[in-house]
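Secondary and tertiary structure notes
So the chains spell out like this:
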Amino acid sequence: MAALVPATLLDPENSLSTRSFIARPTTGTGYSGIHVQLDGVPSHHLPLLLAAYQYKFGRDVEAMSRHLIDDVAVGWDELGTDLLDGAPPSLVAALTGGEQWPSRHLDHLITPDGSPPRRMSVTDETADEQDMQWGYILHKEGIEVISLLHEDIGPVVDWAIDPRTAFNDHPAAWSSLDPVPVIRASRSTPPPRAPAASPAKAHAPRPATRR
């Protein structure tokens, strides 16, 4: 694949490049998804993804997967507050502090040879060589969060978790053997049931390879 270069520099305040991907599980124990360039840490992605599932997509994980994965030509630059469409204003305010920013595609790219940019797909076989840092797999039961600096699998964040929950961003905290690392549960709702800490692929999990 030809190297991709942004046509314009990002604003400094929006230039936190933490490479991640959003994917759906594939047959067996794999996954297939799309690259997200910015703000890939759990504290950024999980509130948006949880709220999007609960409101914008009406708890339809397949519709959510089509929007976030299939309908993207090249990749995502960043995920924005349009994913909060349909959520209660109080939730939107709690998550954004009143700020608004759109989701942006990586559609202003150039390659060294001038050829059209290719789709920036990510799979379980290519995530390492693409130097991905975080992965978010959209399962029926929740979001598997993979800290790729440490393991090839991760704990599953239940779709029912309140999006206002504060999640730990330290890569080592997201072990497949431990509970989901919550820093602070939301006080706006009763304590949720404990999120599952087992790998999403219960039928045949990938080996938990330490890096």
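The shown structure was predicted, so the numbers you read here are calculated from the model rather than taken from an experiment.

Analysis parameters
Residues numbered from 1 in each chain as written. Predicted model: local features only at pLDDT ≥ 70, side-chain atom pairs only at ≥ 80, totals over all residues. Heavy atoms only, no water. Helix = DSSP H or I, 4+ residues; strand = E, 2+ residues; numbered from the N terminus. Contact = heavy atoms within 4.5 Å. Areas by Shrake-Rupley, 256 points an atom, 1.4 Å probe, with all protein chains shown as cover. pLDDT = per-residue confidence, 0-100. Core = buried A, V, L, I, M, F, W, Y, C linked by side-chain atoms within 4.5 Å. Buried < 20%, exposed > 50% of the residue type's maximum accessible area, 1.4 Å probe, protein only. Polar contact = N/O pair within 3.5 Å; in protein donor to acceptor, adjacent residues only side chain to side chain. Phe/Tyr/Trp six-rings, centres within 6.5 Å; stacked < 30°, edge-to-face > 60°. Pairing = 2+ DSSP bridges. Arc of directions from axis to C-beta. Axes fitted to C-alpha atoms, helices over the stretch in contact; angles between N-to-C directions. Parallel < 35°, antiparallel > 145°, perpendicular 65-115°, else oblique. Left-handed = near helix turned anticlockwise from the far one by under 90°. Nonpolar A, V, L, I, M, F, W, Y, C, P; charged D, E, K, R; others polar.

**Remarks on the overall build of the chain**
Along the backbone of the chain there are three helices and twelve strands. Considering only residue pairs separated by 6 or more positions, the chain has 63% of its internal contacts joining residues 24 or more positions apart. As presented, the chain carries roughly 10,400 Å² of accessible surface, and 54% of it is formed by carbon and sulfur atoms.

**So, the confidence of the model for the chain**
Of the residues in the chain, 78% have a pLDDT of 70 or more, and the chain-wide mean is 83. In the predicted structure, residues 1–15 sits below a pLDDT of 50 and forms 26 contacts with residues beyond four places in sequence or in another chain. Low pLDDT, under 50, characterises residues 189–211; the predicted model gives this stretch 62 contacts beyond four residues in sequence or across chains.

**Looking at the nonpolar core**
Within soluble globular proteins, side chains that are nonpolar generally end up buried alongside one another. Of all hydrophobic cores here, the largest spans 36 residues; its most connected members are Met64, Leu68, Leu79, Ile143 and Val157. Counting residues per element, the ones that place at least two in this core are strand E3 (31–36), helix H1 (42–56), helix H2 (61–70), helix H3 (89–96), strand E8 (134–138) and strand E9 (142–147). Of all the elements, H1 adds the most residues to this core, at seven residues. In contact with Leu68, not counting residues within four places along its chain, are Ile22, Ile34, Leu49, Trp76, Leu79, Leu83 and Leu138. Of all hydrophobic cores here, the second largest spans nine residues; its members include Ala23, Tyr31, Ile146 and Leu148.

**A word on H2**
When we look at burial in H2, the residues that qualify are Val61, Ala63, Met64, Ser65, Leu68 and Ile69. At its buried positions, H2 is contacted by strand E2 (20–25), E3, H1, strand E4 (76–78) and E8. Sitting at the head of H2, Asp60 places a side-chain oxygen 3.1 Å from the backbone nitrogen of Glu62.

**A few points about the packing of aromatic side chains**
Across all of its chains, the model carries four aromatic pairs by this definition. With a centroid separation of 5.0 Å and 20° between ring planes, the pair formed by Phe21 and Tyr31 is classed as stacked. Taken as a pair, Phe21 in strand E2 and Tyr31 in strand E3 lie far apart in primary sequence, ten residues in all. A single burial state applies to Phe21 and to Tyr31, both of which are buried. In this structure an aromatic cluster arises from ring pairing among Trp134, Phe167 and Trp174.

**Brief notes about the pairing of E3**
Within E3, five of the six residues are buried, which leaves it mostly tucked inside the rest of the structure. By the bridge criterion, six bridges tie E2 to E3 in an arrangement that is antiparallel. Along E3, the bridge assignment pairs Ala23 with Gly33. Looking at chain direction, E3 and strand E7 (residues 121–123) are connected through three bridges and run antiparallel. Its bridge partner lying in E7, Gly33 is registered against Val122.

**Overview of H3**
All of the buried residues in H3 are Leu91, Val92 and Thr96. The arc enclosing the buried residues of H3, seen along the axis, measures out at 110°, which places them on a common side. Where H3 is buried, its residues touch H1. Positive phi shows up at Gly97, right after H3, with a value of about 65°.

**Remarks on unusual backbone geometry**
For Arg59, which is not a glycine, the phi torsion comes out positive at approximately 65°. Turning to its location among the elements, Arg59 is positioned in the loop between H1 and H2.

**Brief notes about the packing of H1 against H2**
One way to put it is that H1 packs onto H2 with a least axis distance of 10 Å and a crossing angle of 125°. Here H1 lies oblique to H2, going by the angle between them. Crossing geometry of H1 relative to H2 is assigned as right-handed. Judged by residue contacts, Leu49, Ala52, Tyr53 and Lys56 of H1 engage Val61, Met64, His67 and Leu68 from H2. Split into classes, the residues belonging to the contact of H1 with H2 amount to six nonpolar, one polar and one charged.

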